[in-house]
Amino acid sequence: MSVLIKPIITEKMTADSELNNRYGFVVNPKANKLQIKDAVEATYGVSVKKVRTMNYGPTRKSRYTKTGVQHGKTNAIKKAIVDVVEGDTIDFYSNL
């Protein structure tokens, strides 16, 4: 089970990482905070101070077509906000 799926790179998270040393990740919905902490420390070589998680449910939509009502939904995701110890940084843009 891979815990980290992808980093969240938005304008809001970039500002939060520069000001407060916090980084966002989309993680596996079955992962807990300890697994997320270990995965970030192993992958990026930083010390994690705190992990906060958020579960987002699927967004359900309906549309009306000639053949009837079509129902659909998006996938449920889990986000993690990771506070890193002062002095450590994560560079998502390095070509390693």
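Refer to the structure above for everything that follows.
Read on for a plain summary of the structure. (Residues numbered from 1 in each chain as written. Predicted model: local features only at pLDDT ≥ 70, side-chain atom pairs only at ≥ 80, totals over all residues. Heavy atoms only, no water.)

## Structural notes on the packing of aromatic side chains
Link 1 in the chain: Inspection of every chain in the model, using the stated rule, returns four aromatic pairs.
Link 2 in the chain: Judged by centre distance (5.9 Å) and plane angle (85°), the rings of Tyr-23 and Phe-92 are edge-to-face. Of the two residues, Tyr-23 is situated in strand β2 (residues 22–27) and Phe-92 in the segment after β6 (77–84); the sequence distance between them amounts to 69 residues.
Link 3 in the chain: The exposure class assigned to Phe-92 is partly exposed, which follows from its relative accessible area of 23%.
Link 4 in the chain: Their ring planes at 35° and their centres at 5.8 Å tell us that Phe-25 and Tyr-44 sit as a pair that is tilted. You can see Phe-25 sitting in strand β2 and its partner Tyr-44 sitting in helix α2 (residues 33–44), a full 19 residues away along the chain. (Phe/Tyr/Trp six-rings, centres within 6.5 Å; stacked < 30°, edge-to-face > 60°. Helix = DSSP H or I, 4+ residues; strand = E, 2+ residues; numbered from the N terminus. Buried < 20%, exposed > 50% of the residue type's maximum accessible area, 1.4 Å probe, protein only.)

## Here we look at the layout of surface pockets
The rolling of a water-molecule-sized probe over the atoms marks out the regions of remaining empty space.
Link 1 in the chain: Its boundaries defined by the atoms lining it, the largest pocket holds a volume of some 180 Å³.
Link 2 in the chain: Every residue lining the largest pocket is listed: Ile-8, Thr-10, Lys-12, Met-13, Asp-16, Met-54, Tyr-56, Lys-79 and Ile-81.
Link 3 in the chain: Secondary-structure elements contributing two or more residues to the lining of the largest pocket are α1 (11–20), β3 (48–56) and β6.
Link 4 in the chain: Partitioned by chemical class, the residues of the lining of the largest pocket number five nonpolar, one polar and three charged. (1 Å grid on protein atoms, 1.4 Å probe; cavity = no way out; pocket = protein on both sides within 12 Å on 5 of 7 lines; lining within 4 Å. Points joined across faces, edges and corners; volume = space filled by probe spheres on them. Nonpolar A, V, L, I, M, F, W, Y, C, P; charged D, E, K, R; others polar.)

## Points about the environment of Leu-34
Link 1 in the chain: By secondary structure assignment, the location of Leu-34 is in helix α2.
Link 2 in the chain: Between the C-alpha atoms of Leu-34 and Val-82, which are 48 residues apart in sequence, the distance is 11 Å.

## A look at the pairing of β2
Link 1 in the chain: In terms of burial, β2 is a largely internal element, five of the six residues being buried.
Link 2 in the chain: Sheet analysis places strand β1 (residues 4–7) next to β2, joined by three bridges and oriented antiparallel. Within β2, the residue paired with Lys-6 across the bridge is Val-26.
Link 3 in the chain: In the sheet, β2 pairs with β6 via six bridges, with the strands oriented antiparallel. Residue pairing across strands places Phe-25 opposite Ala-80, the latter belonging to β6. (Pairing = 2+ DSSP bridges.)

## Quick notes on the side chain of Lys-78
Link 1 in the chain: Note that Lys-78 resides in strand β6.
Link 2 in the chain: No salt bridge is formed by the buried Lys-78, whose closest oppositely charged neighbour, Asp-38, lies at an N-O distance of 14 Å.
Link 3 in the chain: From its side chain, Lys-78 meets the backbone oxygen of Ala-31 in a polar contact 2.6 Å long.
Link 4 in the chain: Leave out the neighbours within four places in its chain, and Lys-78 touches Phe-25, Val-26, Val-27, Asn-28, Pro-29, Ala-31, Thr-53, Met-54 and Asn-55. (Lys, Arg positive; Asp, Glu negative; His and termini not counted. Salt bridge = Lys/Arg side-chain N within 4 Å of Asp/Glu carboxyl O. Polar contact = N/O pair within 3.5 Å; in protein donor to acceptor, adjacent residues only side chain to side chain. Contact = heavy atoms within 4.5 Å.)

## Overview of α1
Link 1 in the chain: All of the buried residues along α1 are Met-13, Asp-16 and Ser-17. All buried residues of α1 project into a common sector of 100° when viewed along the axis, lining one side. In α1, those exposed residues whose orientation departs by more than 90 degrees from the buried face are Glu-11, Glu-18 and Leu-19.
Link 2 in the chain: Buried positions along α1 lie against β2 and β6.
Link 3 in the chain: Directly beyond the C-terminal end of α1, a positive phi value near 60° is found at Asn-21. (Arc of directions from axis to C-beta.)

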